[in-house]
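Below, each chain spelled out in residue letters.
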Amino acid sequence: MSENVAPGKLPKPTASELRILQHLWKEGPSTVREVHRSLGGYENVSYTTILKQLQIMHEKGLVDREESGRAHVYAPACEEEKTQRDMLQDFLQRVYHGSTRKLVMQVLGNSAPADDKELAEIRRLLDRIERNNGDADA
């Protein structure tokens, strides 16, 4: 990890960096060529652009790099779930002033209807939250 990054405090990835991280989370450690093969054709991005992005991401501490023969192998330096949580928290603060209620109402009211499986999962989560809140009140 870069010496410029405080431990446990990684910068938010840009949209293009997030696409690279999503590849690495799904496929595991990869060379530039493997990332390019996966993303380059789909997004019409050159090999050298992917290489430069990975170099910058390494400097920022978003990816780790290991030399394997002539190729560098890149791996995410952050967990997918933690990155999602951090980005959601930032979004929640910036857009909804920290109001989880406003965010949930917006998502449920203005997106494609949730299917039965998703609704059941949401109900289980709400039940668990209510139980935990009830325990805190006791």
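Just so you know, these numbers come straight off a predicted model, no measurement behind them.

*Asks:* In this structure, what is going on with the overall build of the protein chain? I would like to understand it.
*Replies:* Within the protein chain, the regular secondary structure consists of six helices and three strands. Reading the helices (α) and strands (β) of the protein chain from amino to carboxyl end gives α-β-α-α-β-β-α-α-α. If you line up the protein chain on its principal axes, its C-alpha atoms span 60 × 35 × 25 Å. Roughly 10,200 Å² of accessible area belongs to the protein chain as shown, and the carbon and sulfur atoms make up 50% of that amount. Between the averaged position of the 20 positive side-chain charges in the protein chain and that of its 22 negative side-chain charges there is a distance of 4 Å.

*Asks:* It is not clear to me how the side chain of T31 should be interpreted in this structure. Could you clarify?
*Replies:* The topology assignment puts T31 in strand β1 (residues 30–31). With residues near it in sequence (within four places) discarded, T31 still touches A71, H72 and V73.

*Asks:* What exactly am I supposed to notice about the pairing of strand β3 (residues 71–76) here?
*Replies:* Within a regular strand, the side chains alternate between the two sheet faces. Inspection of the sheet shows β1 paired to β3 by two bridges, in the antiparallel sense. Residue pairing for β3: T31 is matched across the bridge by V73. Pairing between strand β2 (residues 63–68) and β3: six bridges, direction antiparallel. Its bridge partner being in β3, E67 is matched across the sheet by H72. In this antiparallel pair of consecutive strands, β2 and β3, the connection spans two residues, and G69 shows a positive phi of 70°.

*Asks:* What is the right way to read the pattern of salt bridges from this model?
*Replies:* Close approach of charged atoms allows side chains of opposite charge to pair. Counted according to the given criterion, the structure contains five salt bridges. One salt bridge in this structure joins D90 and K12, with 3.7 Å as the shortest N-O distance. Highlighted residues: D90 in helix α4 (residues 80–96) and K12 in the segment before α1 (15–27), separated in sequence by 78 residues. One salt-bridge network, in which partners are shared between bridges, spans K12, D90 and R94.

*Asks:* Where do I start with helix α3 (residues 47–60) in this structure?
*Replies:* Think of an α-helix as turning once every 3.6 residues; residues three or four places apart then point the same way. With 14 residues, α3 extends 20 Å between its outermost C-alpha atoms, agreeing within 8% with the 20 Å of an ideal straight helix rising 1.5 Å per residue. Phi turns positive one or two residues past the end of α3, at G61, with a value near 90°.

*Asks:* When you look at the nonpolar core in this model, what are you seeing that I'm missing?
*Replies:* Soluble globular proteins: nonpolar side chains tend toward being buried together. Among the nonpolar cores identified, the biggest contains 15 residues, and I20, L21, V35, L54, M57 and V63 are the most heavily contacted of them. Listed by contribution, the elements that provide at least two residues to this core are α1, α2 (32–43) and α3. Here this core takes five residues from α1, the largest share from any one element. The residues touching L54, leaving out its near neighbours within four places in the chain, are I20, V32, V35, V63 and Y74.

*Asks:* Please clarify how the environment of P76 should be interpreted in this entry.
*Replies:* Residue placement: P76 occurs in strand β3. Under the relative-accessibility criterion, P76 is labelled partly exposed at 23%. When the C-alpha atoms of P76 and L21 are compared, they prove to be 6.3 Å apart, with 55 residues separating the residues in sequence. Dropping the residues within four chain positions of it, P76 is found in contact with L21, L24, W25, L62, V63 and D64.

So, how was this worked out
- Residues numbered from 1 in each chain as written.
- Predicted model: local features only at pLDDT ≥ 70, side-chain atom pairs only at ≥ 80, totals over all residues.
- Heavy atoms only, no water.
- Helix = DSSP H or I, 4+ residues; strand = E, 2+ residues; numbered from the N terminus.
- Areas by Shrake-Rupley, 256 points an atom, 1.4 Å probe, with all protein chains shown as cover.
- Lys, Arg positive; Asp, Glu negative; His and termini not counted.
- Charge placed at Lys NZ, Arg CZ, Asp CG, Glu CD.
- Contact = heavy atoms within 4.5 Å.
- Pairing = 2+ DSSP bridges.
- Salt bridge = Lys/Arg side-chain N within 4 Å of Asp/Glu carboxyl O.
- Expected span 1.5 Å × (residues − 1).
- Core = buried A, V, L, I, M, F, W, Y, C linked by side-chain atoms within 4.5 Å.
- Buried < 20%, exposed > 50% of the residue type's maximum accessible area, 1.4 Å probe, protein only.

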